[in-house]
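An overview of the molecular structure
Residue strings, one per chain:
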Amino acid sequence: MMEKVELYFDSRRKCSEQIETVNNEPEMSEFESAFLAGLLYKFKPKKIVEVGIAAGGTTAIILQTLEDIKSLDSSYDYLLFSVDLSESYYRDQSRVSGFLGDQMASIIGTNNYKKMTGKVLPERIEEIGGEIDFVILDTVHALPGEVLDFLAIFPFLSSNAIICLHDLTYHYNSLMTENRCSNSVLFNAIVGNRIIDMEQKQSIDEVEYPNIGAVQITEDTGKYIDGIFCSLTLNWSYVPEQKQLEIYQEHYQRYYPSYMTKIFQNAIKMASRNAIFKSNQVKLNEQMINAVIEKNNDIVFWGAGNVCKSTLLNEKIFPSSIVDSCDTKIGTTIFGWTIYKASAEFLRNKFIIITCKESESIISQLKEWDIYEENYITIWDLCEDKSN
Ligand SMILES: C[S@@+](CC[C@H](N)C(=O)[O-])C[C@H]1O[C@@H](n2cnc3c(N)ncnc32)[C@H](O)[C@@H]1O
């Protein structure tokens, strides 16, 4: 069954009038915040857990909404727990995770909000306790990511709890994010009532499938929970640290039948083996790049967006003689016009290192591309998006 909720835009507007303005915050669009607030109005949850806080822009909106519900219904009260693995805000390490939520909590003067940072969800969940009736998962977006946390929190949910999932279409944002599908996997795999607003056009290019949705669990969710364990056998984008995996494993052993933990263990084995193949491939690429650098003086570094630049600088792969396409004013990464403006003249006799998938498909449309075909390599597997 697909349900809809009424959208509430007011909470976000009220928040923005009260708390600090921070770039990229909240990390949801106006529609997505309104959908989340609409869910809260509709279901009036008493115990809410948010996993993945960033600066806390969304936490502030949740708090505002819960306070608004409270002001309409004096018998209503709530407890909000916000959990993040990182103690500091991932876009600005000088600030703590969730500082905007803290600002809002102190403005409204509530004691019903608890922020928990520095540990993964299974290390917090006993303290949070059972009867959770609303969860927002918004962390890594890549497998195993949110799937691990859904399984961690599931035994603590009330019988008709709501699981709100952000970034359902992140894997279509760009080719760099095409593996960001963990919340989409959950949205598709959890047995329950799906809630999504199919009429809402997204602002960017009118894609009609929304980037946020929710599932209300039912008595069948637990019956088919092994399907969620099975979804962990899809290709993992990263392998969490051994210690973290052990924490999740112990937790699953405590709350699920042993065959489900076995599926998890096998998924870890397959993902770890794959990670070794990938890291060998990266080493090979580094050797290839170093060989190219030794032979060529004039290299165009094509597609050097911020993520790629910081990755390469961190890895100290490139010497300073590299020409970066941003610095030479021929454009940055993926927009067709920059390729056409960047004259063939500029590229003549240069060696091109292409750092993102989109760039290759666009650059190869260049009229004289056949001249360069021998003169480029692609390295996007070294430059994967590590933005969150
Ligand atoms: C996309 S941001 C969250 C955005 C936030 N929900 C909002 O709407 O503004 C992702 C956050 O997840 C956190 N994170 C990453 N892995 C995590 C994990 N395993 N458990 C908890 N938090 C995690 C990051 O530190 C980061 O703060």
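Model, not experiment: these values are computed from the prediction. (Residues numbered from 1 in each chain as written. Predicted model: local features only at pLDDT ≥ 70, side-chain atom pairs only at ≥ 80, totals over all residues.)

This part takes up the overall build of the protein chain. Check the secondary structure of the protein chain and you find 16 helices and 12 strands. Long-range pairs, those at least 24 residues apart, make up 76% of the contacts in the protein chain with a sequence separation of at least 6. (Helix = DSSP H or I, 4+ residues; strand = E, 2+ residues; numbered from the N terminus. Contact = placed C-beta atoms within 7 Å.)

What follows covers the environment of asparagine 111. Tracing the chain through its elements places asparagine 111 in the loop between helix 4 (99–108) and strand 4 (113–117). Considered as a pair, asparagine 111 and leucine 80 are 31 residues apart in the sequence and their alpha carbons are 9.5 Å apart.

Bringing the environment of glutamate 67 into the picture now. Note on placement: glutamate 67 falls in helix 3 (residues 57–72). Residue class for glutamate 67 comes out partly exposed when judged on the 18 C-beta atoms lying within 10 Å of it. (Buried ≥ 20, exposed ≤ 12 C-beta atoms within 10 Å, placed from the backbone.)

Bringing the site of the ligand into the picture now. As a matter of local geometry, the ligand sits amid 20 residues, with Glu27, Gly52, Ala54, Thr58 and Ser86 nearest to it. Counting residues per element, the ones that place at least two in the shell around the ligand are helix 3 and strand 3 (79–84). Looking at side-chain class alone, the shell around the ligand contains 10 nonpolar, 7 polar and 3 charged residues. (Near = placed C-beta within 6 Å. Nonpolar A, V, L, I, M, F, W, Y, C, P; charged D, E, K, R; others polar.)

Attention shifts here to the sheet that holds strand 2 (residues 47–51). Across the sheet, which stays open at both edges, the 8 strands sit in the order 1-7-8-6-5-2-3-4 with mixed pairing between neighbours. Either end of the sheet is taken by a strand with one partner, and the two such strands are strand 1 (2–3) and strand 4. As paired elements, strand 3 and strand 4 share 5 bridges and run parallel to each other. Across the sheet, serine 82 pairs through a bridge with lysine 115, a residue of strand 4. Sheet strands touched by helix 2 (residues 30–43): strand 5 (132–137), strand 6 (157–166) and strand 8 (212–217). Its angle to strand 6, the strand with the most contacts, is close to 170°. (Pairing = 2+ DSSP bridges. Axes fitted to C-alpha atoms, helices over the stretch in contact; angles between N-to-C directions.)

What follows is about helix 4. Given 3.6 residues to a turn, an α-helix orients residues that are three or four positions apart in the same direction. Buried within helix 4 we find Phe99, Leu100, Gly101, Met104 and Ala105. Against helix 1 (10–18), helix 3, strand 3 and strand 4 lie the buried residues of helix 4. Backbone geometry just after helix 4 places glycine 109 at a positive phi near 65°.

Looking at soluble globular proteins, one finds that nonpolar side chains tend to be buried together. Val135, Ile153 and Ile163 are the most contacted members of the largest nonpolar core, which totals 80 residues. No other element matches helix 2, which puts 7 residues into this core. Here isoleucine 163 is in contact with Val135, Leu137, Phe150, Ile190, Ala214, Val215 and Ile217, once residues within four sequence places are set aside. Formed by 5 residues, the second largest nonpolar core is a distinct cluster that contains Phe351, Ile352, Ile353 and Tyr376. (Core = buried A, V, L, I, M, F, W, Y, C linked by C-beta atoms within 7 Å.)

Attention now moves to the packing of helix 3 against helix 4. How two helices sit against one another is set out by the angle between their axes and by the gap between those axes. Where helix 3 contacts helix 4, the two axes come as close as 7 Å, and the packing angle between them is 25°. Between helix 3 and helix 4, the crossing angle belongs to the class labelled roughly parallel. Packed against helix 3, whose contacting residues are Gly57, Thr59, Ala60, Leu63, Gln64 and Glu67, the element helix 4 presents Leu100, Gly101, Gln103, Met104, Ala105 and Ile108 at the interface. When its residues are assigned to classes, the contact of helix 3 with helix 4 shows 6 nonpolar, 5 polar and 1 charged. (Parallel < 35°, antiparallel > 145°, perpendicular 65-115°, else oblique.)

Taking 1.5 Å per residue, 16 residues should reach 22 Å; helix 3 reaches 23 Å between its end C-alpha atoms and fits that length. Within helix 3, burial applies to Gly57, Thr58, Thr59, Ala60, Ile61, Ile62, Leu63, Gln64, Thr65 and Leu66. Where helix 3 is buried, its residues meet helix 1, helix 2, strand 2, strand 3, helix 4 and strand 4. (Expected span 1.5 Å × (residues − 1).)

Note on strand geometry: in a regular strand, side chains alternate between the two faces of the sheet. Burial analysis of strand 8 places 5 of its 6 residues in the buried class, the great majority of the element. Here strand 6 pairs with strand 8 via 5 bridges, running antiparallel. By the bridge assignment, isoleucine 163 is partnered in strand 8 with valine 215. Bridge analysis of strand 7 (residues 192–195) against strand 8 gives 4 bridges, and the strand direction is antiparallel. Counterpart to glycine 192 in the pairing with strand 8 is isoleucine 217.

What follows concerns the environment of valine 135. Within the fold, valine 135 resides in strand 5. Distance in space between the C-alpha atoms of valine 135 and isoleucine 48 is 5.8 Å, their sequence separation being 87 residues. Beyond its immediate sequence surroundings of up to four residues, valine 135 is in contact with Val49, Ile153, Ala161, Ile163 and Cys164.

Turning our attention to the packing of helix 6 (residues 145–153) against helix 7 (residues 182–189). At their nearest, the axes of helix 6 and helix 7 sit 7 Å apart, and the two run at 45° to each other. One way to sum up the angle between helix 6 and helix 7 is to call them oblique. On helix 7, the residues that touch Gly145, Glu146, Val147 and Phe150 of helix 6 are Ser182, Asn183, Val185 and Leu186. Here the residues of the contact of helix 6 with helix 7 sort into 4 nonpolar, 3 polar and 1 charged.

Moving on to unusual backbone geometry. A cis amide bond links glutamate 25 to the next residue, proline 26, at an omega of -10°. At the junction of leucine 143 and proline 144, the peptide bond is cis and its omega measures out at 5° in the coordinates. Counting through the fold element by element, proline 144 comes out in the loop between strand 5 and helix 6. The backbone of histidine 141 shows a phi angle near 70°, a positive value even though the residue is not glycine. Considering the arrangement of structural elements, one finds histidine 141 in the loop between strand 5 and helix 6. Under the C-beta neighbour-count criterion, histidine 141 is labelled buried, with 25 such atoms within 10 Å.

Most of strand 2 is tucked away: 5 of the 5 residues are buried. Here strand 2 shows a buried face lined by Lys47, Val49 and Val51 and a second buried face lined by Ile48 and Glu50. Both strand 2 and strand 3 contribute to a ladder of 5 bridges, which runs parallel. Along strand 3, the bridge assignment pairs isoleucine 48 with leucine 80. With helix 3 bridging strand 2 and the parallel strand 3, this β-α-β connection has right-handed handedness. Sheet analysis places strand 2 next to strand 5, joined by 4 bridges and oriented parallel. Paired with isoleucine 48 across the two strands is phenylalanine 134, which belongs to strand 5. (Right-handed = clockwise from strand over helix to strand, strands pointing away.)

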